[in-house]
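Structure assessment
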Amino acid sequence: MHILIAEDDPLLSDGLLRALRAAGYTVDHVASGSEADAALLLQPFDLVILDLGLPQLSGLEVLRRLRGRGVHTPVLILTAADTVEQRVQGLDLGADDYMAKPFALQELEARVRALVRRGLGATGNVVRHGPLSFDPSSRVAYLNDQVVDLSAREVSLLEALLQRAGRLVSKEHLVQALCSWGDEVSNNAIEVYVHRLRKKIEPGGVRIATVRGLGYCLERAASSD
């Protein structure tokens with residue numbers, strides 16, 4: 001799950017970065033509205049945490065432009081001025097959730113988990129794919145009801161494949177899902193992570209198919225007679 005934080009308060013943004021990365025998310029940060037708009041033009045994100053009081057370009061304008069491009073990425077709005085008018089305007093522009101500053105970090109993390117579940121199309125708290133299940137809240141995977149021991153990047157890889165289960169996921173998309181700005185994950189590294197994940201889930205009946213030269217697809221393994 002790749003999250004963009006657009007927040008100009010350095011103390012708040014640093015706290016959010018630390019907390020969400022510790023929870024296993026891939027997180028990038030920008031400090032102005034123009035940087036947020038540029039980042040959202042350059043690459044896809046799975047969630048945006050958007051401060052309304054950004055310099056250069058307001059958070060509402062960033063949201064307006066995002067939705068104007070037909071992008072439906074979940075957006076959690078943060079604002080220091082919790083007025084009814086702002087809430088209505090933000091929600092009318094397509095925000096998915098709203099938090100007024102100051103807020104409890106635990107509550108923000110809970111709302112992030114809820115938006116993650118919504119983005120994954122989860123029923124209740126768990127995403128199911130044949131014998132495989134994944135809890136976005138705890139970021140724990142189960143295979144035939146047994147916990148699968150996964151590294152943080154293997155969890156992010158599995159999450160990206162689950163989001164598009166049954167469809168092709170390009171290596172480029174997986175690179176974006178597994179790294180933050182400043183990190184480097186090569187196509188060769190993606191192959192290594194896919195190989196490791198396969199070894200852990202394919203014995204239980206879940207197959208990751210390779211589409212040569214294009215990417216990967218998470219599908220049910222054919223049952224043997």
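Let me sum up the structure you'll find in this document.

Conventions used here
Residues numbered from 1 in each chain as written. Predicted model: local features only at pLDDT ≥ 70, side-chain atom pairs only at ≥ 80, totals over all residues. Heavy atoms only, no water. Salt bridge = Lys/Arg side-chain N within 4 Å of Asp/Glu carboxyl O. Helix = DSSP H or I, 4+ residues; strand = E, 2+ residues; numbered from the N terminus. Buried < 20%, exposed > 50% of the residue type's maximum accessible area, 1.4 Å probe, protein only. Polar contact = N/O pair within 3.5 Å; in protein donor to acceptor, adjacent residues only side chain to side chain. Contact = heavy atoms within 4.5 Å. Axes fitted to C-alpha atoms, helices over the stretch in contact; angles between N-to-C directions. Parallel < 35°, antiparallel > 145°, perpendicular 65-115°, else oblique. Nonpolar A, V, L, I, M, F, W, Y, C, P; charged D, E, K, R; others polar.

**A few points about the pattern of salt bridges**
Working definition: two side chains of opposite charge can pair if their charged atoms are close together. For the structure shown, the criterion picks out 14 salt bridges. For arginine 18, the salt bridge goes to aspartate 14, with nearest N and O atoms at 2.9 Å. Placement of the pair is arginine 18 and aspartate 14 together in helix 1 (residues 10-22), with a separation of four residues, close to one helical turn. Taking relative accessible area as the criterion, arginine 18 reaches 60% and is therefore assigned exposed.

**Focus: the side chain of lysine 171**
For lysine 171, the location among the structural elements is in helix 7 (residues 171-178). Among the polar contacts made by the side chain of lysine 171, one reaches the side chain of glutamate 191 at a distance of 2.5 Å. Beyond its immediate chain neighbours, meaning those up to four positions away, lysine 171 contacts Asn187, Ile190, Glu191, Leu214, Gly215 and Tyr216.

**Observations concerning the packing of helix 7 against helix 8 (residues 187-201)**
Packing of helix 7 against helix 8 brings their axes to within 10 Å, and their N-to-C directions diverge by 80°. Taken together, helix 7 and helix 8 sit at an angle that is classed as roughly perpendicular. For the pair helix 7 and helix 8, the contacting residues are Lys171, Glu172, Leu174, Val175 and Leu178 in the first and Asn187, Ile190, Glu191 and Tyr193 in the second. Classifying every residue of the contact of helix 7 with helix 8 gives five nonpolar, one polar and three charged.

Worth remembering: the numbers are spatial, not functional.
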